[in-house]
Amino acid sequence: MARVLSQAVLAEIERARARYPRPQSAVLPALHAAQEEVGYLSPEALDDVAEALGLPVTEVASVATFYSMFFTEPVGRHKIRVCTNLSCYLNGCEEILDHLCRTLGVRPGETTADGRVLVEVAECLAACEEAPVLLADEDRHGHMTPAKVDALLRALDREPSATSPTGPAGDA
Amino acid sequence: MSSERAPASPAQMVHLTIDGRPVAVPKGTTVWQAARQNGIEVPVFCYHDRMPPLGACRMCLVEVEKMPKLATSCTLEAGEDMVVRTQTDRVRQAQQAILELLLVNHPLDCPICDKGGECPLQDNTLRFGPGQSRFVETKRQFRKHVRMGPVLVLDRERCILCWRCVRFGEIVAGDDALKGFERGYHSQIATPAMEPVRSKFIGNTMEICPVGALTSATYRFRSRPWDNRTVQSVCPHCGCGCATTLNVRGADLTRTRPREHPEVNDIWLCDKGFFGYEFVGSPERLRAPLVRRDGALREATWDEALGRVADALRSTSPEAVGVIGGARSTNEDDYLLLRLFRGVVGTNNIDFRVETAYPQPTSRAAWGLPVAIADVERADAIVLVGCDLTEEYPILWLRVKKAIDRGAPLVIAGAWEPEVARWAQHRLIHRRGGEAALLRALAGGVRAEDGAAASGAPAEAIRAAADTLRAAPRALVLAGEAALEQPGAERVLAALDELCAACHGAPLGILRGRGNSGGAQVLGLLPDMLPGYRPLGDPSAREAVAAVWGRPVPSAPGRTVRGMLEAARAADLEVLYVVGADPASDYPDARAWEEARRGLRCLVVHELFLTRTAEAADVVLPVLAYAEKTGTVANIEGRVQRQDQALLGPGVARSDAEIFVDLASRLGSPLAVASWEQVFAEIGRMIPGWAEGARLAPPRPGAGAGRDGAGIPDGPLPRPEGALALVAGRRLFDRGTMAARCPGVRGQAGEPFVAVHPEDAARLGLRDGMPCEVRSPRGALRLAVRVWAGVHRGHAYAPRGYDSAPVSVLLDERGPVAVTVRPLGAP
């Protein structure tokens, strides 16, 4: 009796559940799949995940709030996370963040009024050699400059959401 | 899973030194327990002895020789030759540091905190903490006192994140009601979106919360602990008979708390037990007798009211007098009821089973548990048939949960999924009426395919469950009202016997009866039984009773409740005496009751409130509630427990016992009764083993004894096209006579509803929350639709216990009913 999740996502959750002896192990992949479809983890989405895994919704919601990459409130369709840790700081991340926020008219942690982009400050994105670094949805972008930020924002318009189900993709 | 280990043999003892004292404890004991067992107190917050250690709060640090750092004594297993010190400067400094850190974010709003005066944080700070804080920064702030439903108030600022409440929900209750949300500095106890907490046991988290983070909405600002008088009592609700302590301030019942009873409720209580006390102080309580004059009930003196009752009894032949009820009275009340009606009036028309139209003889199917409540957790497998355990006997669930944690599989069978279905290894959801076939298939008496065909439960699932049960050496079979309150109950009983036999002689518990049903049964408030489960038909038993009473006991068996109502309709029963019961709402056929009422010459009711039955009575006698009288009661395992008077009753209300004694005098046969103790002692002359604390378990005949009809196949329920088979179930939170007057229970009950399977809902055009009319051949109710996959297809589930919409309006004492469910207000 899923309320918001599609059959495809429910099937994906079922596959995740089948991989582990305990349904708890499948909570994270299930939440990722649900958030990808709904945009954030609404109460209905959490109910659906809990039902699909046969777990109490309290447990699923508890996990959802623990991780900063899950959202329990509506946020932008695209999420841009700018690293502000040491390497990025020394390499000018402030300018990147500032440019991004001014261009979009938001402060860190806010979503643009049209619901398109969320800007967040991130802890280390594990790519100090490319500092300053940001994460746009699932894709990492290194050696950022204000011009590259502008190009990235234009690309976001063209591509609905660059995602991969397995997690953040590197620039290999 | 309990952290208390079983005692070990001397060979497994370990020897250590705590604070210079040599100590020997069984292997596996923690250092904290070893200290505690030897009278040395080490403060704790997160550790609770009903749950495994966690080591989160660091309050229990001790110094252990050869260990470089202080150790948490609650998680450290005592080792041979260990040298532990709990009182050193290092330990004291650590305790002070921990408390100073815990108090960094604690608001210290003790003057407005209900926990003040019974708060471990307050107590430990006073004894072990620093006198002052060095913290001058801003404390963590949350919205104060968030109401999480009708009973729980959450204050996250006071919380020290000990996780007791979260772990209670995970380990003890299994309802996962509260969880930790967010992380690190933002960690907090919450529910998803701060919605009302969904639990039947949340009162316990308020009890074990070591600070004022979880407090009771009903007790809020009502009293300080030191102003409360404490009185021992027994919960009057479900039949488990949990031991309680009543808190009284002045003339107010301020709260109910669990009283530790290892054999019954341990240290727990369900939320009906916690919050189902406010009816006692309700302004709607009856304060004076009422007598029908000129067609209306009017206040009267006791003399007038009892004079009227005595006249009615005197002018009626004994066989035309009937008594129903007694399950809300004490044993002493009930015993005097027997002396009055069996001994003085001379009738055997006595039956406490007001809510059943299909009574089975007690000699063959006594209600209750043949084992102790505490034994339930020791079963190797548990079969639950037609019983929604957390809705009906919540405290038993905590025992079943412990059995499950030990590895015992739970098998459930019913027309709807009980709340605990998530914990079951096998779920056999079946058609109503298919119980016998299903149980026989489980027992191996018929093929799984035949059981499946007759019940609608999948054959695969039946086979798997049967295999599981066969492998359990000590199974326990529990059957409830939903399985037995139907015309085929004899066949169900026979099948249950067959199943028990197939499960290596598993004991069979019949989970029925509420309040003091256990006492009413053992005393014989039944048409064919005498005190102590002795059959009325046994002349020597009658003589033994007559010898004590000094009056003969009539030998002809009396009528059951159903028989009395039938007799009333035929004008063969003229006077009906109802003691603490509301058959107009609760007898499972409202129309049958109304017709019976019309045939009665006189209806007398003992009541707390003007119930539907009382409204139709000729004489209404106001009586004392459980908290207003001293006496004993017996629970579903037959355990006799004492409850003490905590309050005076309202107005001129009297105990049931006083009324019976008065009536006996008016009828010319005074009962020389000086005290409840004297009555208690007199019961002891009739029932061997009768004593406070004793367990008088219901007798169980051998498997198959006197039960027949096992060979009769179950047929599908006949019903018109499109109609649904009606099943009625109990809810813990309902809106009956007492619960409706307890805001903490009433609020959780919500509005009455009818639950239908999603497929039926789609077919009938029903959506969740939609108002609808449920119509049976007997009557109709307006209810809200609940679409629920837990109910078997083709069935409609409606809750009992809502006096504003009694499901008895739809029920038919002659057999199962089919209902149509029609949307209302839809264009």
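Keep in mind that what you see is a predicted model, and the values were worked out from it rather than measured.

This brings us to the domain arrangement of chain B. Residues and elements named next belong to chain B. By domain assignment, chain B separates into domain 1 (10-87), domain 2 (137-281), domain 3 (297-361 + 516-684), domain 4 (369-511) and domain 5 (724-823). When each unit is reduced to the centre of its C-alpha atoms, the spacing between domain 3 and domain 4 is 34 Å. Taken together, the contact pairs 11 residues of domain 3 with 15 residues of domain 4. Interface of domain 3 and domain 4: buried area, both sides summed, is about 880 Å²; carbon and sulfur atoms make up 56% of it. When the area that domain 3 buries against domain 4 is broken down by residue, the three leading residues are Y358, Q360 and I636, summing to 66%. Seen at the junction of domain 3 and domain 4, the total is 0 salt bridges. Put simply, domain 3 and domain 4 have 5 residue pairs in polar contact (both at pLDDT 80 or more) between them. Looking at the side of domain 3 that touches domain 4 residue by residue, the class counts come to 5 nonpolar, 3 polar and 3 charged.

This paragraph deals with the packing of helix α2 (residues 27-38) of chain A against helix α3 (residues 43-53) of chain A. Residues and elements named next belong to chain A. Look at α2 against α3: their axes get within 10 Å of each other, and the N-to-C directions meet at 140°. Here the hand of the crossing between α2 and α3 comes out right-handed. Of the residues in α3, those in contact with V27, A30, L31, A34 and V38 of α2 are A45, L46, V49 and L53. Within the contact of α2 with α3, the residues separate by chemical class into 9 nonpolar, no polar and no charged.

The next subject is the nonpolar core. The tendency in soluble globular proteins is for nonpolar side chains to be buried side by side. Residue and element names in this part refer to chain B. Core analysis: the largest hydrophobic core is formed by 201 residues, its most contacted members being F341, L396, L410, L428, L496, L511 and Y577. Excluding residues that lie within four positions of it along the chain, L396 makes contacts with C240, L369, I373, V376, L389, L511 and I636. Counting residues in hydrophobic clusters, the runner-up holds 26 residues, among them L286, M564, A596 and V620.

The next thing to look at is the pairing of strand β18 (residues 381-385) of chain B. Residue and element names in this part refer to chain B. The buried count for β18 comes to 5 of 5 residues, which makes it a mostly enclosed element. The side-chain alternation of β18 yields two buried faces, one formed by A381, V383 and V385 and the other by I382 and L384. Bridging between β18 and strand β21 (residues 475-480) involves 5 bridges; their strand directions are parallel. Among the inter-strand pairings, V383 is bridged to a residue of β21, identified as V477. In this structure, β18 lies alongside strand β19 (residues 410-414), joined through 4 bridges in parallel fashion. Bridged to V383 within β19 is V411.

Turning our eyes to something else, we now look at the side chain of D109 of chain B. Within the secondary structure, D109 of chain B sits in the loop between α2 (89-105) and α3 (120-128). The contact partners of D109 of chain B, leaving out residues within four places of it in the chain, are K144, D155 and R158 of chain B.

Cut-offs and rules
Residues numbered from 1 in each chain as written. Chains lettered and ligands numbered in written order. Predicted model: local features only at pLDDT ≥ 70, side-chain atom pairs only at ≥ 80, totals over all residues. Heavy atoms only, no water. Domains from an automatic or database assignment. Contact = heavy atoms within 4.5 Å. Buried area = accessible area lost by both parts, 1.4 Å probe. Salt bridge = Lys/Arg side-chain N within 4 Å of Asp/Glu carboxyl O. Polar contact = N/O pair within 3.5 Å; in protein donor to acceptor, adjacent residues only side chain to side chain. Nonpolar A, V, L, I, M, F, W, Y, C, P; charged D, E, K, R; others polar. Axes fitted to C-alpha atoms, helices over the stretch in contact; angles between N-to-C directions. Helix = DSSP H or I, 4+ residues; strand = E, 2+ residues; numbered from the N terminus. Left-handed = near helix turned anticlockwise from the far one by under 90°. Core = buried A, V, L, I, M, F, W, Y, C linked by side-chain atoms within 4.5 Å. Buried < 20%, exposed > 50% of the residue type's maximum accessible area, 1.4 Å probe, protein only. Pairing = 2+ DSSP bridges.

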